[in-house]
Amino acid sequence: MTRRADAAAVPTAIAVGYDGSPDAAAALRWAAALATRTGAELRVVHAVGLLEHAGMAGGPARDAALAVAAEAGADEARVTWRRVDGEPASVLVREAEDGADLLVVGSRGFWAHPGVLGSTSLELAERAPVPVVIVPRREQP
Amino acid sequence: MLIMAGPVGETVHDGGPHPERPARITAVLQGIGDLRLGTDLVTVDPLPASRADLARVHSERYLDELEAFAQRGGGSLDPDTYVTPSSWDAACDAAGAGLAAVHALRERGEGVGFAVARPPGHHAERGRGMGFCLVNNVAVTAASLLAEGERVLVVDWDVHHGNGTQEIFWDEPDLLYVSTHQWPLYPGTGRPQEVGGEGAIGSTVNVPVPPGATGDVLRLALDEVAAPAVGAFRPDWVLVSCGFDAHRADPLAELALSSADFADLARAVAEFAPGPGRTVLFLEGGYDMTAVRRSTAATVAALLGDLASPEQPTFGGPGADAVRAVAGLRERAMAEVHDRTDGGSLDAPVTGPAGAPSERRPW
Ligand SMILES: [Zn+2]
């Protein structure tokens, strides 16, 4: 298996950050389309924060996320849904350390907060050990 | 004698319907009030932490952005963490509370300090706030002590791992960070293999415990895992990231402690201090107001040598085996570090650069 460092490699495991926002859905569609073309495993990853863990804030539904992936043509058997406790960028970095060789996020929403701290997606790009794709909302492959 | 620095955050940094709220400070004050300490309670006003104090642990860029964000009216840093127009000043005051407590303890040479302040701090990393935390209060005080050549122990018994404190002091051999926390749980860091960076291996001690763990399990963690590390480290100061969200009534997590257990943990931690006047508590989490009130009273009373809890200690929950496994893992990891004198590989501990060209950290 070709991993890391080789920028021209075809991804074998794609992790896409998903918070239920339209931007995250665009990222998921893009990732699903790429996974379909390359035969890669697709991990749909949702970071669970303090409030969501306690049921004090809502999170995206698994079925809705998987439906988005299916619409984009992803092979159901190659798609997994992961709810992981943690902060979004850190959770995706950990996915990379757990074998994902491409990370995909939307350009806005909490994955790329436009306010203080700059952009989480840029922060992710700084910290990730594998390539990161930031998908603009209009992208509809 | 209790030296209380604060209160900070009883009326400001209010995010509306959010568990990290001003009433938490009121609950702590009630818990202290329940002890009727009389002249054994000394209150000191915190001065806001200076820019230099904050910049020891946070990047200039983050501090600039946070201040500007609050000035623009604030908003959300992440799905958990709010900033209001008053939050910057509150965060500076909260960080200053620990400094004021240390100052007062030094003047008196006795007593126990308590920074009764919010917003809390231990999730805040060098370059970002998260998990309800904006400025890492315990880290600001720890860094101030380190700058004066002191050796600092931070015990973090909040139910969540203090990823920020760990990150800030990852490469600091003169600070020993010990955390007990529920696993799995936010923020997802704090595995036993996370033991500190190259040059500071062993200076981070993580003891994750499963949901349902009781007071005896956390006490075991302090006795079996923390105590040997602390004994070898010999701290000059003991700072406690004192969250009360490991209480069984807390809505944010699933541990099963009672207020009496916090007293037990406090007694164990008191043993870690080199002498009187060297222990400071920092309020971290704790979101059930009755639990916070009772646990505050129990913890402070224990540190002052008294008993105060209407609840019984808890025991028999899961996790003792996990704690013993961590103790064993840590012994083996440290032995390996001692053996490694000629560049041999070290598999178990995550220490940062692990043969990869880019620096690799566990978060
Ligand atoms: Zn907590």
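Residues numbered from 1 in each chain as written. Chains lettered and ligands numbered in written order. Predicted model: local features only at pLDDT ≥ 70, side-chain atom pairs only at ≥ 80, totals over all residues. Heavy atoms only, no water.

Draft legend 1. A look at the pairing of strand β1 (residues 2-8) of chain B. Residues and elements named next belong to chain B. A large share of β1 lies buried, amounting to 6 of its 7 residues. In this sheet, strand β2 (residues 41-44) lies alongside β1 in parallel orientation, the contact comprising 4 bridges. Directly across from Ile3, in β2, lies its bridge partner Val42. One crossover worth recording links β1 to the parallel β2 by way of helix α1 (residues 23-34), and it is right-handed. Here β1 runs beside strand β5 (residues 112-117); their pairing, made up of 5 bridges, is parallel. Paired with Val8 across the strands is Ala117, a residue of β5. (Buried < 20%, exposed > 50% of the residue type's maximum accessible area, 1.4 Å probe, protein only. Helix = DSSP H or I, 4+ residues; strand = E, 2+ residues; numbered from the N terminus. Pairing = 2+ DSSP bridges. Right-handed = clockwise from strand over helix to strand, strands pointing away.)

Draft legend 2. Representation of the sheet that holds strand β7 (residues 175-182) of chain B within the structure. Residue and element names in this part refer to chain B. Strand order in the open sheet formed by 8 strands is β2-β1-β5-β10-β9-β6-β7-β8, with parallel pairing between adjacent strands. Of all the strands in the sheet, just β2 and β8 (204-209) have a single pairing partner and so form its edges. Sheet twist, expressed as the average angle between the axes of neighbouring strands with direction ignored, equals 15°. Where strand β6 (residues 152-156) lies against β7, 5 bridges are found, and the strand directions are parallel. Of the residues in β7, the one forming a bridge with Val152 is Leu175. (Axes fitted to C-alpha atoms, helices over the stretch in contact; angles between N-to-C directions.)

Draft legend 3. Structural context of the packing of helix α1 (residues 22-38) of chain A against helix α3 (residues 62-71) of chain A. Residues and elements named next belong to chain A. In contact at an axis separation of 8 Å, α1 and α3 are set at 45° when each is read in the N-to-C sense. With respect to α3, the axis of α1 lies oblique. Crossing hand, α1 versus α3: right-handed. Judged by residue contacts, Ala25, Leu28, Arg29 and Ala32 of α1 engage Ala65, Val68 and Ala69 from α3. (Parallel < 35°, antiparallel > 145°, perpendicular 65-115°, else oblique. Left-handed = near helix turned anticlockwise from the far one by under 90°. Contact = heavy atoms within 4.5 Å.)

Draft legend 4. Up close: the interface of chain B and chain A. Contacts between chain B and chain A engage 32 residues on the former and 23 residues on the latter. Summed over both sides, the interface of chain B with chain A buries roughly 2,300 Å², with 63% coming from carbon and sulfur. Run the count over chain B and chain A and you get 1 salt bridge. Between Arg128(B) and Glu87(A) there is a salt bridge, with the nearest N and O atoms lying 2.8 Å from each other. Inspection of the chain B/chain A interface yields 6 residue pairs in polar contact (both at pLDDT 80 or more). Mapped onto the side of chain B that touches chain A, the elements with two or more residues apiece are α3 (60-71) and β3 (75-78) of chain B. Looking at the side of chain B that touches chain A, the element that brings in the most residues is α3(B), giving 5 residues. Along the lines of polarity and charge, the residues of the side of chain B that touches chain A split into 16 nonpolar, 8 polar and 8 charged. (Buried area = accessible area lost by both parts, 1.4 Å probe. Salt bridge = Lys/Arg side-chain N within 4 Å of Asp/Glu carboxyl O. Polar contact = N/O pair within 3.5 Å; in protein donor to acceptor, adjacent residues only side chain to side chain. Nonpolar A, V, L, I, M, F, W, Y, C, P; charged D, E, K, R; others polar.)

Draft legend 5. The arrangement of unusual backbone geometry in detail. Residue and element names in this part refer to chain B. Here the bond from Arg118 into Pro119 is cis, since omega is 5°, no more than 30 degrees from zero. Looking at the secondary structure, you find Pro119 in the loop between β5 and α5 (137-147). Going from Tyr186 to Pro187, the amide bond is cis rather than trans, its omega being 0°. Mapped onto the fold, Pro187 is located in the loop between β7 and β8. We note that Arg36 has phi near 45°; this positive angle belongs to a residue other than glycine. You can see Arg36 is positioned in the loop between α1 and β2. Phi at Arg234 takes a positive value of approximately 55°, unusual for a residue other than glycine. Relative to the elements of secondary structure, Arg234 occurs in the loop between α7 (215-233) and β9 (237-242).

Draft legend 6. Local environment of the coordination of the zinc ion. All names here are of chain B. Around the zinc ion, the donor atoms from the protein are Asp158 (OD), Asp158 (OD), His160 (ND1) and Asp245 (OD), and they sit 2.0 to 2.7 Å away. For the zinc ion, the 4 donor atoms in the first shell make angles of 53 to 155° at the metal, so the coordination geometry reads as irregular. Donor residues binding the zinc ion come from one chain and are separated in sequence as D-x1-H-x84-D. Placement of the pair is Asp158 in the loop between β6 and α6 (163-168) and Asp245 in the loop between β9 and α8 (259-272), with a sequence separation of 87 residues. Exposure class is identical for Asp158 and Asp245. Each is buried. (Donors = N, O, S within 2.8 Å, 3.2 Å for Na, K, Ca; no water. Tetrahedral: all angles 85-135°; square planar, octahedral: opposite > 155°, others 65-115°.)

Draft legend 7. Region of interest: the nonpolar core. Residues and elements named next belong to chain B. In terms of nonpolar packing, the biggest core is built from 61 residues, with Phe114 and Trp157 touching the most fellow members. Looking at this core element by element, the count peaks at 10 residues for α7. With near-sequence residues (within four places) excluded, Trp157 lies in contact with Thr180, Val240, Ser241, Cys242, Gly243, Phe244, Ala246, Phe262, Leu265, Ala266, Val269 and Thr299. Of all hydrophobic cores here, the second largest spans 48 residues; its members include Leu66, Ala101, Leu105 and Leu145. (Core = buried A, V, L, I, M, F, W, Y, C linked by side-chain atoms within 4.5 Å.)

Draft legend 8. Region of interest: α8(B). In this model α8(B) runs 21 Å from its N-terminal to its C-terminal C-alpha over 14 residues, within 8% of the 20 Å that 1.5 Å per residue would give. Across the 14 residues of α8(B), 10 count as buried, placing the element largely inside the fold. (Expected span 1.5 Å × (residues − 1).)

Draft legend 9. View of the side chain of Ser241(B). For Ser241(B), the position within the fold is in strand β9. Setting aside residues no more than four positions away along its own chain, Ser241(B) makes contact with His122(B), Val138(B), Val154(B), Val155(B), Asp156(B), Trp157(B), Asp158(B), Phe282(B) and Glu284(B).

Draft legend 10. Fine view of the packing of helix α4 (residues 87-108) of chain B against α5(B). Residue and element names in this part refer to chain B. Closest axis-to-axis distance for the α4/α5 pair is 8 Å, and the angle between their directions is 45°. In this view, α4 runs oblique relative to α5, as classed from their interaxial angle. Note that α4 runs across α5; the crossing there is right-handed. Here Ala91, Ala94, Ala95, Gly98, Leu99, Val102 and Arg106 of α4 lie close against α5, whose contacting residues are Asn137, Val140, Thr141, Ser144 and Leu145. Tallied by class, the residues present in the contact of α4 with α5 amount to 7 nonpolar, 4 polar and 1 charged.

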